[in-house]
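What the coordinates show
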2 protein chains.
Amino acid sequence: MAIQQFPSKLLEEAVFEFSKLPGIGEKTALRLVLHLLKQESVDIKKFGQTLQKLADDIVYCRQCGNISDTELCGICASEKRDNALVCVVENIRDVLAVESTHQFNGTFNVLGAVISPIDGIGPADLNLSKLEERIKDGEVQEIILALSSTLEGDTTNFYIYKRFKNFPVKITSLAKGIAIGNELEYTDEITLGQSIVNRTPFHPG
Amino acid sequence: MAIQQFPSKLLEEAVFEFSKLPGIGEKTALRLVLHLLKQESVDIKKFGQTLQKLADDIVYCRQCGNISDTELCGICASEKRDNALVCVVENIRDVLAVESTHQFNGTFNVLGAVISPIDGIGPADLNLSKLEERIKDGEVQEIILALSSTLEGDTTNFYIYKRFKNFPVKITSLAKGIAIGNELEYTDEITLGQSIVNRTPFHPG
């Protein structure tokens, strides 16, 4: 049921803005705005200012394409990170996921998308030119394809592999196998099969 | 899992603002902000400006307490509405719910809360003084108690009844019974019992 008549134009506008967000309908948007209205006026203003600053000042790292406050993001600029090792991910959420493992000491290349013909996204839409430049400059020794294990991810992996296979760069991808903590009987047969094919030497302790 | 390190302070601030909203955790907030960042910069700014305007300019109707752009809200100001009939509701969502029925031609009194000792909300927190004034002035002939059928709602109904029962005003409450379209066998026994006690004359056709 659409809300038919708002008692206030300002309220309606705010609800409209929230309801444009993914997964938020008009009723949820109204709930959020009414919650905001219970806060101090200065806090609502701060929310508004934060969004305006976001619009004005956010930049994307010129090397990896990650969201950043500076021209070169903190990861690319860090001397502790290995610039010769590049993890190729779809978006910034994946950067955060990889960073949270504390197992990766290289840099990133954020594609911004994966190839998906049904959504009209082709190879030209991927952020790869800067990576190609870095590979041609001999700066990169290995790229790790860290895309989701979906049809689109696999397609994109294959495209990147074809594009860079004749360059002097090692191309690897994430290991696939049973998830840690998962029970064998509930693991799907494709994953289980792959984990048998790609079995690794056992290290006790 | 909390997000440990944001690549951008601006991003972190925006995620923090969204994650203060009810039902929105840090991960959802990040999804929303990243969605916003895919929009045009001017649209993000407009969102921010809308919130600032909301903080600056929203007012509450001096008669009914509803959210409004003007000192007297559109419903209270309308000559087509019956000022002698007042529907007492908890909040503005309930105003919208009643309005959407197109069955009510009176005005409202928005309490802003219901009595809930566990949340520290007592009778003094209810917006009732203006209604009392209107009743004393002889302006109101009937108040309809339209609160949720919960312990808190019933308590509040009873409090309002006690407060106004000696004034020359008729006090009614919403009819309770089986919901239209509901099957009898799935109706709870308390509601069904009430709907038998309060049965109404049958009007064919």
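This report concerns the structure included in the present document. Bear in mind that the values here come from a model prediction, so they are computed numbers and not experimental data.

1. Some thoughts on the overall build of chain A
Helix and strand content of chain A: eight helices and six strands. Order of helices (α) and strands (β) in chain A, N terminus to C terminus: α-α-α-β-β-α-β-α-β-α-β-α-β-α. Relative to the compact-globule value of 17 Å for 205 residues, chain A shows a C-alpha radius of gyration of 22 Å, a clear excess of over 25%. Dimensions along the principal axes, computed over C-alpha positions, put chain A at roughly 65 × 45 × 40 Å. Counting every position in chain A, which comprises 205 residues, the buried fraction comes to 40%. For chain A, the proportion of contacts with a sequence separation of at least 24, taken over those separated by at least 6, is 47%. Summed over its atoms, the accessible surface of chain A is roughly 11900 Å², and 52% of this surface lies on carbon and sulfur atoms. Taking the 21 positively charged and 28 negatively charged side chains of chain A as two groups, their mean positions are separated by 2 Å.

2. Let's talk about the relation of the copies chain A and chain B
Overlay of chain A on chain B (RMSD 0.1 Å): rotation 180°, translation along the axis 0.0 Å. Given the turn and translation reported, the copies of this chain are related as if by a two-fold rotation axis. Considering only C-alpha atoms, the part of chain A nearest the rotation axis is Gly48(A), at 1.9 Å. A high fraction, 100%, of the interface residues of chain A reappear at the interface in chain B, so the copies pair face to face through one surface.

3. Observations regarding the side chain of Thr156(A)
Examined against the element boundaries, Thr156(A) turns out to sit in helix H7 (residues 151-164). Residues within four places of Thr156(A) in sequence aside, it is in contact with Leu111(A), Val114(A), Ile115(A), Leu126(A) and Leu147(A).

4. Concerning the interface of chain A and chain B
With 54 residues of chain A in contact, the opposing surface of chain B contributes 54 residues. Surface buried jointly by chain A and chain B totals about 5200 Å² across both partners, of which 69% is contributed by carbon and sulfur atoms. Across the pair Lys45(A) and Asp56(B) runs a salt bridge whose closest N-O atoms are separated by 2.9 Å. At the boundary of chain A and chain B, one finds 13 residue pairs in polar contact (both at pLDDT 80 or more). Listed by contribution, the elements that provide at least two residues to the side of chain A that touches chain B are helix H1 (9-19), helix H2 (26-37), helix H3 (41-57), strand S2 (67-68) and helix H5 (92-99) of chain A. Counting residues per element, the side of chain A that touches chain B draws most heavily on H3(A), at 16 residues. Its residues assigned to classes, the side of chain A that touches chain B shows 27 nonpolar, 13 polar and 14 charged.

5. A short note on the nonpolar core
The biggest cluster of nonpolar side chains holds 48 residues, and the ones touching the most others in it are Leu11(A), Phe18(A), Leu11(B) and Phe18(B). Looking at this core, the elements that each hand over two or more residues are H1, H2, H3 and H5 of chain A together with helix H1 (9-19), helix H2 (26-37), helix H3 (41-57) and helix H5 (92-99) of chain B.

6. Concerning the pairing of strand S6 (residues 170-173) of chain A
All names here are of chain A. Looking at chain direction, strand S5 (residues 142-145) and S6 are connected through four bridges and run parallel. By the bridge assignment, Ile143 is partnered in S6 with Ile171. Each parallel crossover has a hand, and for S5 linked through H7 to S6 it is right-handed.

7. Quick word on H3(B)
Taking 1.5 Å per residue as the helical rise, H3(B) with its 17 residues ought to reach 24 Å, and the 24 Å between its terminal C-alpha atoms agrees with that figure. Those residues of H3(B) that fall on the buried side of the exposure criterion are Ile44(B), Phe47(B), Gly48(B), Thr50(B), Leu51(B), Gln52(B), Leu54(B) and Ala55(B). For H3(B), the elements touching its buried residues are H1, H2 and H3 of chain A together with H1 and H2 of chain B.

8. A few points about the pattern of salt bridges
For the structure shown, the criterion picks out 20 salt bridges over all chains. Of the charged contacts, one joins Lys53(A) and Glu13(B) as a salt bridge, the two residues approaching to 3.4 Å between their closest N and O atoms. Within this pair, whereas Lys53(A) is found in helix H3, its partner Glu13(B) is found in helix H1, the two belonging to separate chains. Accessibility expressed as a relative area gives 26% for Glu13(B), which makes it partly exposed. Across the salt bridge formed by Glu17(B) and Lys20(B), the nearest N and O atoms sit 3.4 Å from each other. Taking the relative accessible area as the measure of exposure, Glu17(B) reaches 3% and is therefore buried.

The rules we used
Residues numbered from 1 in each chain as written. Chains lettered and ligands numbered in written order. Predicted model: local features only at pLDDT ≥ 70, side-chain atom pairs only at ≥ 80, totals over all residues. Heavy atoms only, no water. Helix = DSSP H or I, 4+ residues; strand = E, 2+ residues; numbered from the N terminus. Rg over C-alpha atoms; globule rule 2.2 N^0.38 Å. Buried < 20%, exposed > 50% of the residue type's maximum accessible area, 1.4 Å probe, protein only. Contact = heavy atoms within 4.5 Å. Areas by Shrake-Rupley, 256 points an atom, 1.4 Å probe, with all protein chains shown as cover. Lys, Arg positive; Asp, Glu negative; His and termini not counted. Charge placed at Lys NZ, Arg CZ, Asp CG, Glu CD. Least-squares fit on C-alpha atoms with pLDDT ≥ 70 in both. Buried area = accessible area lost by both parts, 1.4 Å probe. Salt bridge = Lys/Arg side-chain N within 4 Å of Asp/Glu carboxyl O. Polar contact = N/O pair within 3.5 Å; in protein donor to acceptor, adjacent residues only side chain to side chain. Nonpolar A, V, L, I, M, F, W, Y, C, P; charged D, E, K, R; others polar. Core = buried A, V, L, I, M, F, W, Y, C linked by side-chain atoms within 4.5 Å. Pairing = 2+ DSSP bridges. Right-handed = clockwise from strand over helix to strand, strands pointing away. Expected span 1.5 Å × (residues − 1).

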